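Fold and geometry: a report
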Amino acid sequence: GHGAKDLGQAVVMRNGVAIPAVIQASKTGAMFVLDRDTGVPLFPVEERAVPGSDIAGERASLTQPFPTMPAAVVPQGMRPSDAWGVTPVDRRWCEHRIRSLRSEGIFTPPSMRGSVVFPGFLGGVNWGGVAVDRPRGVAIVNTIRVATIVTLLSPDSIAEDARNAGTDAAVARQEGAPYGSRRELLRSPLGLPCNAPPWGTLIALDLDNGSVRWEVPLGTMSDFAHVPAPESWGSPSLGG
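These notes cover the structure that comes with them. What you see is a predicted model; the values in this text were computed from it and never measured. (Residues numbered from 1 in each chain as written. Predicted model: local features only at pLDDT ≥ 70, side-chain atom pairs only at ≥ 80, totals over all residues. Heavy atoms only, no water.)

1. Observations concerning the state of the cysteines
Tallied over the entire structure, the rule returns 1 disulfide. Here Cys94 connects covalently by a disulfide to Cys194, the sulfurs 2.1 Å from one another. Note on the Cys94 and Cys194 pair: the S-S dihedral is about -70°, so by sign convention the disulfide is left-handed. With Cys94 in helix α1 (residues 88-99) and Cys194 in the loop between β11 (180-185) and β12 (200-206), this residue pair connects regions lying 100 residues apart in the sequence. Just as Cys94 is buried, Cys194 falls in that class too. (Disulfide = S-S within 2.5 Å. Helix = DSSP H or I, 4+ residues; strand = E, 2+ residues; numbered from the N terminus. Buried < 20%, exposed > 50% of the residue type's maximum accessible area, 1.4 Å probe, protein only.)

Laid out in structure tokens, this is it:
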């Protein structure tokens, strides 16, 4: 799931007063900045409507919390028009693939049709975590931007699906549940993500006002791409 993966201690200045804070960085790319003593958000958090489940008998939450600031540090949700490719054929393939799936924005539930999960399973923000520069009032965040797909499988189709799944796919039986699952990267025939680069960045967040001070691509896809990879593409990275 899109759980919180890192807690970074920080200080937020309000009207000349230093407020001890904690930053909760999530796989969704949402950054929750909370009062460290009370847990009260230091920037407003809104409950917003999110897509419902289309699986009979499953009830998904009608809303999820979204911080108004800082803004999400990665794109959330993906439409067919967001498809990207290094060639027109690659882009059209990605667009067609997205159209074939449930893709109704962030928190689209898993489905038997297959659902786009963007940010993907790695995040958002995940193993990279958060570093805090207290004197400058800045949080440095490592982001990952690669879309993924989750598909629910009936129990009698899991074994066959596992045999036919590509090397990117992870097929699992979910004990005690009526469905198994297949998780995979949303990649084009050339092996590159179907969402536009950069696929990894470093972001500096101003902790006092929630704005982005700067953002730069991080890493390279040269070892994975079948075409020359510009530095501007960045790369998913799991290091702190």
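We are not done yet, so read on.
2. A look at the sheet that holds β11
Strands sit in the order β6-β9-β11-β10 across an open sheet of 4 strands; the sheet is antiparallel. One side of each edge strand has no neighbouring strand; the edge strands of this open sheet are β6 (115-117) and β10 (170-172). Geometrically, the sheet is characterised by an average inter-axis angle of 20° between neighbouring strands, direction not taken into account. (Pairing = 2+ DSSP bridges. Axes fitted to C-alpha atoms, helices over the stretch in contact; angles between N-to-C directions.)

3. Thoughts on the pattern of salt bridges
Per the counting criterion, the structure on display carries 11 salt bridges. Measuring nitrogen to oxygen at the nearest pair gives 3.0 Å for the salt bridge that ties Glu46 to Arg48. Its relative accessible area of 37% is what places Glu46 among the partly exposed residues. Here Arg91 makes a salt bridge to Glu95, at a shortest N to O gap of 3.0 Å. On the criterion of helical spacing, the pair formed by Arg91 and Glu95 is a turn pair, its members being 4 residues apart in helix α1. Connected via shared salt-bridge partners are Asp54, Arg102 and Glu104. (Salt bridge = Lys/Arg side-chain N within 4 Å of Asp/Glu carboxyl O.)

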